[in-house]
Amino acid sequence: MDVKSLLSAGYRHVFARKHKPESAPLILVMIPLVGKARAHDWTRVCGILELTLASLRAQSYSNVEVILCSQDRPENFPEKDGYHFVSAPPHNAAANVSDQRIKVRLMAEYAARTFDQFSYVMHLDADDLLHPDLFRYVAEDNNGRGYLVEQGYMMDALSGRLAPLGRAIGGETEFWKHCGSCAFFAVDWGKQAFPVFFLRMIGKGHKNYASRAARLGYPLDPVPFPSMLYVVNHGDNMQIRKGNDKLLYIEDNDITDPARLSAIREDFGLSEPAAASL
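Residues numbered from 1 in each chain as written. Predicted model: local features only at pLDDT ≥ 70, side-chain atom pairs only at ≥ 80, totals over all residues. Heavy atoms only, no water.

What follows concerns the packing of aromatic side chains. Evaluated as defined, the whole model comprises 13 aromatic pairs. Geometrically, the ring pair formed by Tyr11 and Phe197 is tilted, given 6.0 Å between the ring centres and 35 degrees between the ring planes. With Tyr11 in helix α1 (residues 3–14) and Phe197 in helix α5 (residues 195–202), this residue pair connects regions lying 186 residues apart in the sequence. Through a chain of ring-to-ring contacts, the aromatic side chains of Tyr11, Phe15, Phe194, Phe197, Phe198 and Tyr218 assemble into a single cluster. (Phe/Tyr/Trp six-rings, centres within 6.5 Å; stacked < 30°, edge-to-face > 60°. Helix = DSSP H or I, 4+ residues; strand = E, 2+ residues; numbered from the N terminus.)

Right, here's the structure in full:
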C-alpha cells in the first residue's frame, strides 16, 4: 500500500466521523484558472469562464459560494458577496504541466480560514457547464458524504456537437473518467478534523475521486441524471497541452438525433448558436 493510501486509511480510522449536515447546506465551488502568462488567449479564457459563471448563476439552488484561484483576477469575476479570489504564485513549469494541485490547496486553505459550516465542495474546471438543477439535487438529497457525476456529455466548443458520457445514457465510459468537474465532497469546516488535509488526500486526480473518498470514510453516491457538460476544443483545455484529442470520442459517439439534441440543450439552458460561439 502506498503512503497516500496509508495516510487516508489512518484518517478514516482516527478522524472520520459521520457528518450531520444541516438543511440547505452550502455548496462551495473551487475553480482553478490558468494564468494570463500561460493562456493561449487570455481574452478567450475569460469569455469561456463567463459561460461557466453563467451556469453557476443559473442554478436553481442559491446557497452557493465560489472561490477562484489564478495568477490573475479576470475582470469579469464578480467583486461581490459570494465570490472569492485567491492569488496563485507564478507558474514556471513546462507547458504541459498543470499547477491545479497548488491552486486547489490554496483554495482549501482559504476556505478553512473563511468558513465554519458544513458544505459540499466541488472542484469545477473553468470551462465546464452545469445542469441548472445539479446543486439543488445535492442539497436536497444531502447524504453527508458526497456525490459523483457519472452521467453527462462531452461538447465540442466550436461546433456544439455532443456525445454521451455515462453508460446509463449510451456512453462508452462514465463521465468522471474524462472530466474533473465530477464530484462533491462533504467537508465540515467548523467540526471536521483537518479538513485541508482531507481535501489534499482527495487530490485533483478525478479518476481516483471515488476510491479516495471511500478510503477516507466518505463514499460518494452517484448523481442520477446527466448533470454536466465537459467542454473541449476551445484551445485552453489541458488535454490539448498534453496531446490528447478528445474530439475522437465525439467523432465516435456523436449524438445525431435532432430531438435528443434539442432536449439536452433545453435541459442545460444552451441554445445551438451559443454552443457554437464558445
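Let's shift gears to the confidence of the model for the chain. Per-residue confidence for the chain gives a mean pLDDT of 91; residues scoring 70 or more make up 94%. Predicted confidence for residues 237–243 stays below pLDDT 50, and this span has 21 contacts to residues more than four positions away or in other chains. Within the model, the stretch residues 273–278 combines pLDDT values under 50 with 14 contacts to residues more than four positions away or in other chains. (pLDDT = per-residue confidence, 0-100. Contact = heavy atoms within 4.5 Å.)

Okay, the pairing of strand β8 (residues 162–165) next. Residues of β8 alternate between two faces, with Leu162 and Pro164 on one and Ala163 and Leu165 on the opposite face, all of them buried. In this sheet, β8 lies alongside strand β7 (residues 152–156) in antiparallel orientation, the contact comprising four bridges. Of the residues in β8, the one forming a bridge with Met155 is Leu162. From the end of β7 to the start of β8, which pair antiparallel, there are five residues, and Gly160 there has a positive phi angle of about 80 degrees. (Buried < 20%, exposed > 50% of the residue type's maximum accessible area, 1.4 Å probe, protein only. Pairing = 2+ DSSP bridges.)

Overall, the coordinates contain 10 salt bridges when judged by the stated rule. A salt bridge links Lys103 to Asp99; the shortest N-O distance between them is 3.2 Å. Neither residue differs from the other here; Lys103 and Asp99 are each classed as buried. A salt bridge links Glu251 to Arg161, with the shortest nitrogen-to-oxygen separation between them at 3.2 Å. Here Glu251 is found in helix α8 (residues 247–253), whereas its partner Arg161 is found in the loop between β7 and β8, with 90 residues between them in sequence. Residue class for Glu251 comes out partly exposed when judged on its relative accessible area of 48%. (Salt bridge = Lys/Arg side-chain N within 4 Å of Asp/Glu carboxyl O.)

A word on a nonpolar patch on the surface. The grouping of Val14, Phe15 and Phe194 at the surface amounts to a nonpolar patch, some 290 Å² of accessible area in total. By secondary structure assignment, the location of Phe15 is in the loop between α1 and β1 (26–32). Residue class for Phe15 comes out partly exposed when judged on its relative accessible area of 34%. (Patch = residues over 30% accessible without salt bridge, like charges linked within 9 Å, V, L, I, M, F, W, Y side chains within 5 Å. Areas by Shrake-Rupley, 256 points an atom, 1.4 Å probe, with all protein chains shown as cover.)

Moving on: unusual backbone geometry. If you check the backbone angles, Phe194 has positive phi at about 50 degrees while not being a glycine. Structurally, Phe194 can be placed in the loop between β9 (183–188) and α5. A relative accessible area of 51% places Phe194 in the exposed class. For Asn233, which is not glycine, the phi dihedral falls at a positive 70 degrees.

In this section: the packing of α1 against α5. It is at 10 Å that the axes of α1 and α5 come closest, and there the two elements cross at 140 degrees. Taken as axis vectors, α1 and α5 run oblique relative to one another. At the point where α1 passes α5, the crossing takes the left-handed sense. Residue-level contacts link Lys4, Leu7, Ser8 and Tyr11 of α1 to Phe197, Phe198, Arg200 and Met201 of α5. Partitioned by chemical class, the residues of the contact of α1 with α5 number five nonpolar, one polar and two charged. (Axes fitted to C-alpha atoms, helices over the stretch in contact; angles between N-to-C directions. Parallel < 35°, antiparallel > 145°, perpendicular 65-115°, else oblique. Left-handed = near helix turned anticlockwise from the far one by under 90°. Nonpolar A, V, L, I, M, F, W, Y, C, P; charged D, E, K, R; others polar.)

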